[in-house]
Amino acid sequence: MGGEQALTVEGDSQDLEDRVNNRTLRPVSGTFKEFMTEGWDSQEPEQQALESSSFTPARLQALGKRFPGERLVIPAGNLKTRNNDCDYAFRPDTTFAYYTGLGEDFEAGAVLVLNPVADASSEENQGATHTPTLYVHPRADQSTEDYYRSAQYGEYWVGPRPGLKELSAMTGIQTEDIAQLPDALAKDIGTEEGAVQLRVVRDADPQITQMVEDIRWENGCDDPDRNTEADGKLHEFAAEERMIKDSYEVAEMRKAVDATKLGFDRILERLPEAVDKPRAERMLESAFNSIARERGNDVGYGTIVASGSHAPVLHWMRNNGTVRNGELLLIDAGVEVNSLYTADITRTFPVGGKFSPLQRDIYETVLSAQQAAFEVAKPGVTYSDIHHTVMRVLAEALHNWGILPVSVEESLSPSGQQHRRWHACGCAHHLGLDVHDCAQARYESYQDAPIEAGMIFTIEPGLYFKENDLLVPPEFRGIGVRIEDDVLMTEHGPEWISAGIPKTVDDVEEWMAQRAAAAHQVRTEN
Ligand code: GLY
Ligand code: MN
Ligand code: MN
């Protein structure tokens, strides 16, 4: 990146888009400009239909049917500054990814628009409600000045990237230059009979949301409460649609789980050398995260590596602790594959390779809560049913250990809930493009809705005894156990899609021994 500073001619004040002005001198002479557009062979980016492009038409059709006659605006989002002219890695907004089928880092600044078809048009006669168009930045290839001037799009900087032709080939959706977007959004907007209304996924890209607001304001449609509510319904509908996965999504989820299994293998291979090292948790985090980058797009969420007293910290992501023999090590991690579907798996390991009797007792309690929830999960039951099943198993165990200060029934009653001190989080959630997928859905279509075939969700009970918890016997303090697996509901009942990741006490101990032995062999051979 710093190489840019070697281009020394004179100061440049015209490139307002650029955030490098003060530290960089850029050549601007006509001779240089001409010289930079000559003598390059062309570089064509890939343009192949994505597998997802066979599945997006049905998604788009369902979306259009829900909002006939309205213009729907679904931005990808834009780059977020990390500092100065350095950005965070780009991940497209989930609603955009779902309806375009694009994954990886495609495509900052793009906007999907569903334009309502005209009354009595040939499209309408064929049953279409909308025409989808993807507005994107054109390629900045060797024939353009942006080639070497735009650090965001210029292919001198970022390599060949897909433009209009390529993104259309990838998605099967027609494309237009992003410069056309303001006019395309404003067309026929108004309050009169037959005028078009806009809805936008508000959170994805503040600039596009502002563009929509400005158009509304200019055309007399600027009722902020009504508009925000209408926009929210678009986001809500998209989230609820994602609850039932199509066959492509199920296959991507299986890939994510398989890659996550490899990540856990790598953690266990690294574990013996990490024991007692300062920041051993980071050593294990990086073992997992390296697989996430090798096999997938990235991690699906911040990897939790929590040993000993960190294990009961629900969102321990600092991961800077030591890992010591005798401790329980809780790891919650998931690989997000290129299509952006992620697994969400937690395993809890005995660091020395063998559970102590108490650790085993707590672990098997959590495992039996998970199994009980799995057995209850059938098409037609609700997340609340799963929750109550898990809670009963945990409350009974807490009672048997003498920890629960009230009876099991009193604790399970809405006015009690004492057992939640040791399990304050949820124990099941939808999973897919987002780790907490479908989060914009209504309560009645999530917690209280019957689980249906095609849904993918986690079951993740745990017990969390904080090291400073004076209400549990000292030997429980600083122990945290969570077991989390990913489930596909089928018409015939639930399927663990993470069944290949060991979890019984015996299987976990054997898995640890195998991976440690494999790593030892590699080390001695080298
Ligand atoms: N890893 C986040 C969760 O389990 O919900
Ligand atoms: Mn989870
Ligand atoms: Mn998790």
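Residues numbered from 1 in each chain as written. Chains lettered and ligands numbered in written order. Predicted model: local features only at pLDDT ≥ 70, side-chain atom pairs only at ≥ 80, totals over all residues. Heavy atoms only, no water.

A. Local environment of the packing of helix H13 (residues 357–376) against helix H14 (residues 383–400). The contact between H13 and H14 brings their axes to 8 Å, and the two run at 150 degrees. Classified by the angle their axes make, H13 and H14 are roughly antiparallel. The way H13 lies across H14 gives a crossing that is right-handed. Contacts from Thr 365, Ser 368, Ala 369, Ala 372, Ala 373 and Val 376 of H13 reach H14 at Asp 385, Ile 386, Thr 389, Val 390, Val 393, Leu 394 and Ala 397. In terms of residue class, the contact of H13 with H14 is built from 9 nonpolar, 3 polar and 1 charged. (Axes fitted to C-alpha atoms, helices over the stretch in contact; angles between N-to-C directions. Helix = DSSP H or I, 4+ residues; strand = E, 2+ residues; numbered from the N terminus. Parallel < 35°, antiparallel > 145°, perpendicular 65-115°, else oblique. Left-handed = near helix turned anticlockwise from the far one by under 90°. Contact = heavy atoms within 4.5 Å. Nonpolar A, V, L, I, M, F, W, Y, C, P; charged D, E, K, R; others polar.)

B. The coordination of the manganese ion (ligand 3), seen in detail. Around the manganese ion (ligand 3), the protein supplies Asp 332 (OD), Asp 332 (OD), Asp 344 (OD) and Glu 484 (OE) as donor atoms, at distances of 2.0 to 2.3 Å. Geometry at the manganese ion (ligand 3) is irregular, judged from the 6 donor atoms that bind it and their angles of 57 to 169 degrees at the metal. Counting gaps between the donor residues of the manganese ion (ligand 3) yields the pattern D-x11-D-x139-E. Metal-to-metal, the separation of the manganese ion (ligand 3) and the manganese ion (ligand 2) is 3.3 Å; Asp 344 coordinates the two. Here Asp 332, found in strand S10 (residues 328–333), pairs with Asp 344, found in the loop between strand S11 (335–336) and strand S12 (345–350); they are 12 residues apart in sequence, far enough to count as distant. This pair shows no difference in class: Asp 332 is buried, exactly as Asp 344 is. (Donors = N, O, S within 2.8 Å, 3.2 Å for Na, K, Ca; no water. Tetrahedral: all angles 85-135°; square planar, octahedral: opposite > 155°, others 65-115°. Buried < 20%, exposed > 50% of the residue type's maximum accessible area, 1.4 Å probe, protein only.)

C. Up close: the site of ligand 1. Around ligand 1, a shell composed of Tyr 301, Asp 332, Asp 344, His 429, His 436, Glu 460 and Glu 484 is seen. A distance of 3.1 Å is found between an oxygen atom of ligand 1 and a side-chain nitrogen or oxygen belonging to Glu 460. Split into classes, the residues belonging to the shell around ligand 1 amount to 1 nonpolar, 2 polar and 4 charged. (Near = heavy atom within 4 Å. Polar contact = N/O pair within 3.5 Å; in protein donor to acceptor, adjacent residues only side chain to side chain.)

D. Helix H12 (residues 280–295), seen in detail. Given a rise of 1.5 Å per residue, 16 residues ought to cover 22 Å, and the 23 Å separating the end C-alpha atoms of H12 matches this to within 8%. Of the residues making up H12, those classed as buried are Ala 280, Glu 281, Met 283, Leu 284, Glu 285, Ala 287, Phe 288, Ile 291 and Ala 292. Those residues of H12 hidden inside the fold are in contact with helix H11 (247–274), strand S8 (298–299), strand S9 (304–307), S10 and S11. (Expected span 1.5 Å × (residues − 1).)

E. Up close: the nonpolar core. Membership of the largest hydrophobic core comes to 119 residues, with the highest contact counts inside it found for Phe 457 and Phe 465. Of all the elements, H11 adds the most residues to this core, at 11 residues. Those residues in contact with Phe 465 that sit more than four places away from it in its chain are Pro 312, Ile 362, Leu 398, Trp 401, Ile 403, Trp 422, Val 472, Phe 476, Arg 477, Gly 478 and Ile 479. Counting 15 residues, the second-largest nonpolar core is a separate cluster that includes Val 73, Ile 189, Leu 198 and Val 212. (Core = buried A, V, L, I, M, F, W, Y, C linked by side-chain atoms within 4.5 Å.)

F. Focus on the confidence of the model for the protein chain. For the protein chain, mean pLDDT is 94; residues scoring 70 or higher make up 96% of the total. Low pLDDT, under 50, characterises residues 1–17; the predicted model gives this stretch 26 contacts beyond four residues in sequence or across chains. (pLDDT = per-residue confidence, 0-100.)

G. Structural view of the coordination of the manganese ion (ligand 2). Around the manganese ion (ligand 2), the donor atoms from the protein are Asp 344 (OD), His 429 (NE2), Glu 460 (OE) and Glu 484 (OE), and they sit 2.0 to 2.2 Å away. In this structure, the manganese ion (ligand 2) is surrounded by 6 donor atoms whose angles at the metal cover 52 to 155 degrees, and the resulting shape is irregular. Mapping the donors of the manganese ion (ligand 2) onto the primary sequence gives the spacing D-x84-H-x30-E-x23-E. On the basis of relative accessible area, His 429 is assigned to the buried category, the value being 9%.

H. The arrangement of the pattern of salt bridges in detail. Scanning the model with the defined rule gives 36 salt bridges in all. In this structure, Asp 485 engages Arg 347 in a salt bridge whose closest nitrogen and oxygen atoms are separated by 2.8 Å. With Asp 485 in strand S16 (residues 485–490) and Arg 347 in strand S12, the pair connects residues that are 138 residues apart, well separated along the chain. One exposure class covers both Asp 485 and Arg 347, and it is buried. By sharing partners, the salt bridges in this structure join Arg 91, Arg 242, Lys 245, Glu 336, Asp 434 and Asp 437 into a single network. (Salt bridge = Lys/Arg side-chain N within 4 Å of Asp/Glu carboxyl O.)

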